[in-house]
Amino acid sequence: QVQLVESGGGSVQAGGSLRLSCAVSGWMFSTQCVGWFRQAPGKAREGVADIRTTDGTTYSANSVKGRFTISRDNAKNTVYLQMDQLAVEDTAMYYCALAPWFRCNGRLSEADYTYWGQGTQVTVSS
């Protein structure tokens, strides 16, 4: 019943920007935690950022802090990941996922996230 759909990925030059979207349906959006994860080929999945849709509290991993911004639009049941100053090492498949609201704000544990989107590819070239 829960569905998450990512969009907004693509190819961009280093230093450029992209905005990813995650549309959530099938659950009460305003009571959830939505996390962004990424995975490059041959590497482990990495937590990027999360947001409590209850109050908008956010967390960003050190690797993206100051460059990526997570936000939400409760009216649209959508979470965004604004990615600025992109670097080659940001190249990965990006996923959004859903967890209970109390598992948010920096925990970014894959085991907490029951529902996952299909992913959207981000490729950064120099």
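Above: the structure in question.
All values reported here derive from a predicted model rather than from experimental measurement.

A. Spotlight on the nonpolar core. In terms of nonpolar packing, the biggest core is built from 28 residues, with W36, L81, M83 and Y94 touching the most fellow members. For this core, the secondary-structure elements that each account for two or more residues are β3 (18–25), β4 (32–39), β5 (46–52), β7 (68–73), β8 (78–83), β9 (92–100) and β11 (120–125). Ignoring sequence-local partners within four residues, the contact set of L81 consists of L18, R19, L20, W36, V48, A49, F68, T69, I70 and Y94. Within the second largest apolar cluster, 7 residues are counted, among which are F37, A99, C104 and Y113.

B. Structural detail: the pairing of β9. Across the 9 residues that make up β9, a large majority, 7, are buried. With 3 bridges connecting them, β9 and β11 associate as antiparallel partners. Within β11, the residue paired with A92 across the bridge is V122.

C. View of the sheet that holds β7. Ordered by their spatial adjacency, 4 strands build an open sheet running β1-β3-β8-β7, and the pairing between neighbours is antiparallel. The strands lining the two open edges of the sheet, one partner per strand, are β1 (3–7) and β7. Each adjacent strand pair in this sheet contributes to an overall mean axis angle of 15°, direction not counted. Inspection of the sheet shows β7 paired to β8 by 6 bridges, in the antiparallel sense. Residue pairing for β8: S71 is matched across the bridge by Y80.

D. Region of the structure containing the environment of G9. Here G9 lies in the loop between β1 and β2 (10–13). Here G9 falls in the partly exposed class, since its relative accessible area comes to 33%. When the C-alpha positions of G9 and V122 are compared, they lie 5.0 Å apart, and in sequence the two are 113 residues distant. Those residues in contact with G9 that sit more than four places away from it in its chain are L20, T120, Q121 and V122.

E. Looking closely at the pairing of β8. For β8, the buried fraction is high: 5 of the 6 residues fall into the buried class. As defined by bridge partners, β3 adjoins β8 across 6 bridges and the pair is classed as antiparallel. When the sheet's bridge partners are listed, R19 is paired in β8 with Q82. Between the antiparallel neighbours β7 and β8 lie 4 residues, among them N77 with a positive phi of about 50°.

Parameters and conventions
- Residues numbered from 1 in each chain as written.
- Predicted model: local features only at pLDDT ≥ 70, side-chain atom pairs only at ≥ 80, totals over all residues.
- Heavy atoms only, no water.
- Core = buried A, V, L, I, M, F, W, Y, C linked by side-chain atoms within 4.5 Å.
- Buried < 20%, exposed > 50% of the residue type's maximum accessible area, 1.4 Å probe, protein only.
- Helix = DSSP H or I, 4+ residues; strand = E, 2+ residues; numbered from the N terminus.
- Contact = heavy atoms within 4.5 Å.
- Pairing = 2+ DSSP bridges.
- Axes fitted to C-alpha atoms, helices over the stretch in contact; angles between N-to-C directions.

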